[in-house]
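Here is how the chains run, residue by residue.
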Amino acid sequence: MSLLLRRNSSQLRLLQRLGAATTAEVRRFVSRDSDNDSNNVTAAQSSTTTVNTAGTTAGNKLQSTKRLNNLSAVADTDIKKSVFISQSHDIFTNLALEDWLYKNFDFGNHHVLLLWANDPCVVIGRHQNPFTEANVSRLMERGITLARRNSGGGAVYHDRGNLNCTFFTPRERYNRKYNLNIVTRALFREWAIKSEINERDDIVIKIKKISGTAAKLGRPNAYHHCTILASANKLHLGESLVKEPANYISRATASVPSPIRNLVDVNRNVNVPQLLSAVGYEYLRTAAMALEDGGSTQLMKQRGFQLVNPTERWFPGIEELRASYSSWDWVIGKTPKFSVEKELELKGDNSGMKLKLSVDVEAGLMSKIAIQLPQSDQMVPVVTPLQGKAYNEQNLNGIIDALKMVSTSNVQQAMNGSI
């Protein structure tokens, strides 16, 4: 036990610094590592242990009921609030920080708003296909990072002119409308900007979108995050979210295109530091579970703004989370199975011949490559060393360029032999 406490000492110092190191949270951090250390013991005992599934289910329901009762017993005035401001502008680090808080923090008596901004990147939802949302090769050429978050929703472009807000609460207190109203009220209080929340839970100004939204609902915690466009580079935004011209056949969640607007287009005095301050203060001065403005009295009861440094020293285990979020297996390999079709024309002596290339992609790898012959439904496998390799626009174009070297007479012979 003393070893476990030493391993978690930096976490406990962080919690104490934030005024949130309760006995329950200490037990939670210790038990998390204790579970990992006892895996071998559990495995050794499994052959002689009978699992009572019904009893376990009943126990889980009882535990859930107790938790719900405990949360319900907490008065609004007893819930403290903090605004955490990430000191990192790296998308993978900030996604890891968000995930770390979601997995490790106890929000029962302490709600948190995390504010963060990133260097240029495109962030897709957990269930999206990056190749139907962006031109991945062009992003790489321009030094714009591609990332996949752990929540649903559509693809978004981030840069330093875009503020990200993540609202953390227990699952039972998740309230997306409350969070979005914090943002709209902050805009009106600071700059008299009138904005609305539409049926898709986007924040809009005269139909044009300034904020998109997504969420992660788990147990015991949940979070809702949204973007706020202050002064983002709209040229890069538009160019980044244009896919390679091809026919993609995919069941992945597709983004819904919307016209966008920067807040500086509405009021040229808007800037990200002031926006961060305005949203943070609006959050702190509002009651925890109702949109009631408590003013300076409510503000003084909160734990205020906290600059957080998302490093291993502050958040043990965050480097492993970052490595996972930045890995090819997560960003590309997590893509749902899809197919891509593209037409190409072979030049002959007398006339051209049009073929259709079809590539099946599974776990980010090209599993099946074939061409459809003219005037036929037959698919002829393409022999290429790129089969089994990662799918990207560059490899797709490499296959097309190789096929263009094939003569129409060879294809005609193949057709004659197959008919």
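Remember, it's a predicted structure, so these values are computed and weren't measured experimentally.

Structurally, Thr286 is set in the loop between helix H11 (272–285) and helix H12 (295–301). Thr286 sits in the buried class, given a relative accessible area of 0%. Ignoring sequence-local partners within four residues, the contact set of Thr286 consists of Lys81, Tyr178, Ile182, Leu291, Glu292 and Gln298.

Turning to the sheet that holds strand E9 (residues 208–211), a few remarks are in order. With antiparallel pairing, three strands are arranged side by side in an open sheet as E7-E8-E9. Two strands bound the open sheet, and with one partner strand each, they are strand E7 (196–197) and E9. Across three bridges, the pairing between strand E8 (residues 203–205) and E9 is antiparallel. Within the sheet, the bridge partner assigned to Ile205 lies in E9 and is Lys208.

Contact geometry of helix H9 (residues 176–191) with H11 gives a least axis separation of 9 Å together with a crossing angle of 115 degrees. Regarding H9 and H11, the two cross each other, and that crossing is right-handed. Residues Ile182, Arg185, Ala186, Leu187, Arg189, Glu190 and Trp191 of H9 form the contact with H11, whose participating residues are Gln274, Leu275, Ala278, Val279, Glu282, Tyr283 and Arg285. Along the lines of polarity and charge, the residues of the contact of H9 with H11 split into eight nonpolar, one polar and five charged.

Attention now goes to the nonpolar core. One finds Ile91, Leu101, Leu146, Phe168, Leu357, Val359 and Tyr391 to be the most contacted residues of the largest nonpolar core, which totals 62 residues. Among the elements that take part in this core, helix H6 (residues 91–104) stands out by supplying eight residues, more than any other. Excluding residues that lie within four positions of it along the chain, Leu146 makes contacts with Phe92, Val122, Ile124, Pro130, Val136, Leu139, Val331 and Ile332. Ranked by size, the runner-up nonpolar core spans 30 residues in total, among them Phe167, Leu180, Leu263 and Val272.

Residues of the chain with pLDDT of at least 70 account for 79%, and the chain-wide mean is 83. Contacts of residues 1–56 to residues separated by more than four positions or lying in other chains number 52 contacts, the stretch itself having pLDDT below 50.

This next bit is on the packing of aromatic side chains. The tally for this structure, following the rule as stated, stands at 14 aromatic pairs. For the pair Phe107 and Phe168, a centre-to-centre distance of 5.3 Å together with 10 degrees between the ring planes defines the contact as stacked. One end of the pair, Phe107, is in the loop between H6 and strand E2 (110–116); the other, Phe168, is in strand E6 (residues 162–170), and 61 residues separate them in sequence. Comparing Phe107 with Phe168 shows no difference in burial state: the two are buried. Every member of this aromatic cluster is reached through a ring pair, and the members are Phe84, Tyr102, Phe105, Phe107, Phe168 and Tyr223. Geometry around Tyr283 places Lys81 over its ring, the cationic atom sitting 4.1 Å from the centre.

Conventions and cut-offs
Residues numbered from 1 in each chain as written. Predicted model: local features only at pLDDT ≥ 70, side-chain atom pairs only at ≥ 80, totals over all residues. Heavy atoms only, no water. Helix = DSSP H or I, 4+ residues; strand = E, 2+ residues; numbered from the N terminus. Buried < 20%, exposed > 50% of the residue type's maximum accessible area, 1.4 Å probe, protein only. Contact = heavy atoms within 4.5 Å. Pairing = 2+ DSSP bridges. Axes fitted to C-alpha atoms, helices over the stretch in contact; angles between N-to-C directions. Left-handed = near helix turned anticlockwise from the far one by under 90°. Nonpolar A, V, L, I, M, F, W, Y, C, P; charged D, E, K, R; others polar. Core = buried A, V, L, I, M, F, W, Y, C linked by side-chain atoms within 4.5 Å. pLDDT = per-residue confidence, 0-100. Phe/Tyr/Trp six-rings, centres within 6.5 Å; stacked < 30°, edge-to-face > 60°. Lys NZ or Arg CZ within 6 Å of the ring centre and 35° of its normal.

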